[in-house]
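Now for the letters of each chain:
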Amino acid sequence: MSFCEVNNCFNGGVCILMPPHGNETCICPRGFDGDFCEDGCLLHTAKTLGNGGWALALCLLVLLIILAVLYIRERRTKQCPHAAASTRAAETRQMIEKTT
């Protein structure tokens, strides 16, 4: 019994004989890949990314944390404008005291 007679192609793949030697192979429908059409798009993409996908996710997470910290700092500064003014007033007093 040949490969195509058993139809070992998955996910709707079609088995054909390839000329000139009559090699049997699966022709996969859109969205599937592999010798037997066993790999779907998402699985194929995950295999392709490998460790690079984890590295990208980690970089995005670090960037998100940095942006959150910067946002919180800016928000605190806007909520306490008198803190910046009192710091300037203290600096001005110190300068006046040094000159007198």
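This structure is a prediction, so every number in the text was calculated from the model and none was measured.

Draft legend 1. Highlighting the overall build of the chain. Helix and strand content of the chain: 4 helices and 4 strands. The order of α-helices and β-strands along the chain, N terminus first, is α-β-β-β-β-α-α-α. Sequence separation of 24 or more characterises 16% of the internal contacts of the chain that already satisfy a separation of 6 or more. Looking at the chain as shown, the accessible area adds up to about 8,600 Å², and 65% of this sits on carbon and sulfur atoms.

Draft legend 2. Broad picture of a nonpolar patch on the surface. Among the surface-exposed residues, Leu56, Leu58, Leu60, Leu61, Val62, Leu63, Leu64, Ile65, Ile66, Leu67, Val69 and Leu70 lie close enough to one another that they form a single nonpolar patch of about 1,100 Å² accessible area. Mapped onto the elements, Val69 comes out in helix α3 (residues 51–79).

Draft legend 3. Geometry of the state of the cysteines. What the rule picks out here adds up to 2 disulfides. Disulfide partner of Cys9: Cys26, at an S-S distance of 1.9 Å. Handedness of the Cys9-Cys26 disulfide follows from its S-S torsion of about -95°: it is left-handed. Separated by 17 residues along the polypeptide, Cys9 in the loop between α1 (3–6) and β1 (14–18) and Cys26 in strand β2 (residues 23–27) bring together distant segments of the chain. Both residues of the pair, Cys9 and Cys26, count as buried.

Draft legend 4. The arrangement of the confidence of the model for the chain in detail. Mean pLDDT for the chain: 76, with 71% of residues reaching 70 or above. Per-element mean pLDDT across the chain ranges from 55 in helix α2 (residues 41–49) up to 88 in β2.

Draft legend 5. Seen up close, unusual backbone geometry. The backbone phi angle of Asn11 is positive, close to 55°, even though this residue is not glycine. Relative to the helices and strands, Asn11 is located in the loop between α1 and β1. Given the relative accessible area of 39%, Asn11 is considered partly exposed. Within the chain, Cys37 stands out as a residue other than glycine whose phi angle is a positive 60°. The residue Cys37 is located in the loop between β3 (32–33) and β4 (39–40) in this model. Judged by relative accessible area, which is 0%, Cys37 ranks as buried.

Draft legend 6. Examining the environment of Gly31 more closely. Relative to the assigned elements, Gly31 resides in the loop between β2 and β3. The partly exposed category is assigned to Gly31, whose relative accessible area is 26%. Taking the C-alpha atoms as reference, Gly31 lies 9.6 Å from Asn11; in sequence the two are 20 residues apart.

Draft legend 7. View of the pairing of β2. Note: β1 against β2, 5 bridges, orientation antiparallel. The partner of Leu17 across the bridge, within β2, is Glu24. Turn length for the β1-β2 hairpin, with the two strands adjacent in sequence and antiparallel, is 4 residues, and the turn residue Gly22 shows positive phi of about 75°.

Cut-offs and rules
Residues numbered from 1 in each chain as written. Predicted model: local features only at pLDDT ≥ 70, side-chain atom pairs only at ≥ 80, totals over all residues. Heavy atoms only, no water. Helix = DSSP H or I, 4+ residues; strand = E, 2+ residues; numbered from the N terminus. Contact = heavy atoms within 4.5 Å. Areas by Shrake-Rupley, 256 points an atom, 1.4 Å probe, with all protein chains shown as cover. Patch = residues over 30% accessible without salt bridge, like charges linked within 9 Å, V, L, I, M, F, W, Y side chains within 5 Å. Salt bridge = Lys/Arg side-chain N within 4 Å of Asp/Glu carboxyl O. Disulfide = S-S within 2.5 Å. Buried < 20%, exposed > 50% of the residue type's maximum accessible area, 1.4 Å probe, protein only. pLDDT = per-residue confidence, 0-100. Pairing = 2+ DSSP bridges.

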